[in-house]
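Coordinate inspection notes
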Amino acid sequence: MSAAARIEFVDAPDEEQIGAVLNIIGEAAERQRPGANYRSYGFLLKDETGKIIGGLTGYALYEWMFVQYLSVAEEARGQGLGEALIGRAEAWGRERGLGGMWLETFDFQAPDFYRKVGFVEFGAIEDHPAGSRRIFFQKRFS
């Protein structure tokens with residue numbers, strides 16, 4: 001490490017700090033493997049008043065979509081809105097020639113939902129959190 005460099009702990013880094021780190025990663029990745037084409041995306045679910053009651057957000061990178069967040073408010077569940085969000089995101093990805101989508105969830109959240117809409121488990125971290133599993137899913141577009 002350079003004599004002038006130092007490591008500084010930051011509790012809850014802000015967007016600018018996170019962006020600075022991501023830019024370094026992105027620049028290095030682009031030199032090694034051009035064509036990342038990073039793009040964030042989101043599909044918001046709104047009620048009749050315009051209030052956000054759910055949505056799906058993530059990013060596309062190297063021809064795949066990552067679903068970072070997917071939620072539907074408790075009062076709006078059971079109406080097929082989660083499936084509609086996945087379907088709309090998948091259609092968006094297909095329109096752009098992407099190869100598939102992936103995500104992670106916990107076994108106490110929605111793994112059965114993701115299986116139902118066509119995702120396949122490709123990995124897991126056991127006992128994370130203690131007594132549970134963190135599960136990784138993918139859905140390839142064919």
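Residues numbered from 1 in each chain as written. Predicted model: local features only at pLDDT ≥ 70, side-chain atom pairs only at ≥ 80, totals over all residues. Heavy atoms only, no water.

Structural notes on unusual backbone geometry
With an omega of -5°, the peptide bond running from His 128 to Pro 129 counts as cis. The phi dihedral of Tyr 62 is positive, around 50°, even though this residue is not glycine. Mapping Tyr 62 onto the fold places it in the loop between strand S2 (52–61) and strand S3 (64–72). Residue classification places Tyr 62 among the partly exposed residues on the basis of a relative accessible area of 23%. Although it is not a glycine, Glu 63 adopts a positive phi angle of roughly 65°. (Helix = DSSP H or I, 4+ residues; strand = E, 2+ residues; numbered from the N terminus. Buried < 20%, exposed > 50% of the residue type's maximum accessible area, 1.4 Å probe, protein only.)

Observations regarding the pattern of salt bridges
Scanning the model with the defined rule gives 11 salt bridges in all. Between Glu 8 and Arg 6 there is a salt bridge, with its nearest N and O atoms 3.4 Å apart. Both residues of the pair, Glu 8 and Arg 6, count as exposed. Close ionic contact of Glu 126 with Arg 133 constitutes a salt bridge, the shortest N to O distance being 3.0 Å. By relative accessible area, Arg 133 is classed as partly exposed at 22%. (Salt bridge = Lys/Arg side-chain N within 4 Å of Asp/Glu carboxyl O.)

Description of the pairing of strand S4 (residues 100–106)
Within S4, five of the seven residues are buried, which leaves it mostly tucked inside the rest of the structure. Once you follow S3 into helix H2 (residues 81–95) and on to S4, the crossover reads as right-handed. Note that S4 and strand S6 (residues 133–140) share seven bridges and pair antiparallel. Of the residues in S6, the one forming a bridge with Leu 103 is Phe 137. (Right-handed = clockwise from strand over helix to strand, strands pointing away. Pairing = 2+ DSSP bridges.)

Examining the sheet that holds S3
Spatially, the six strands line up as an open sheet ordered S1-S2-S3-S4-S6-S5, and their pairing is mixed. Of all the strands in the sheet, the pair left with one neighbour each is strand S1 (39–46) and strand S5 (120–126). When the angles between neighbouring strand axes are averaged without regard to direction, this sheet yields 20°. Summarising the sheet, S2 and S3 pair through eight bridges and their orientation is antiparallel. Counterpart to Gly 55 in the pairing with S3 is Ser 71. (Axes fitted to C-alpha atoms, helices over the stretch in contact; angles between N-to-C directions.)

Interpretation in functional terms is not warranted from these geometric data alone.
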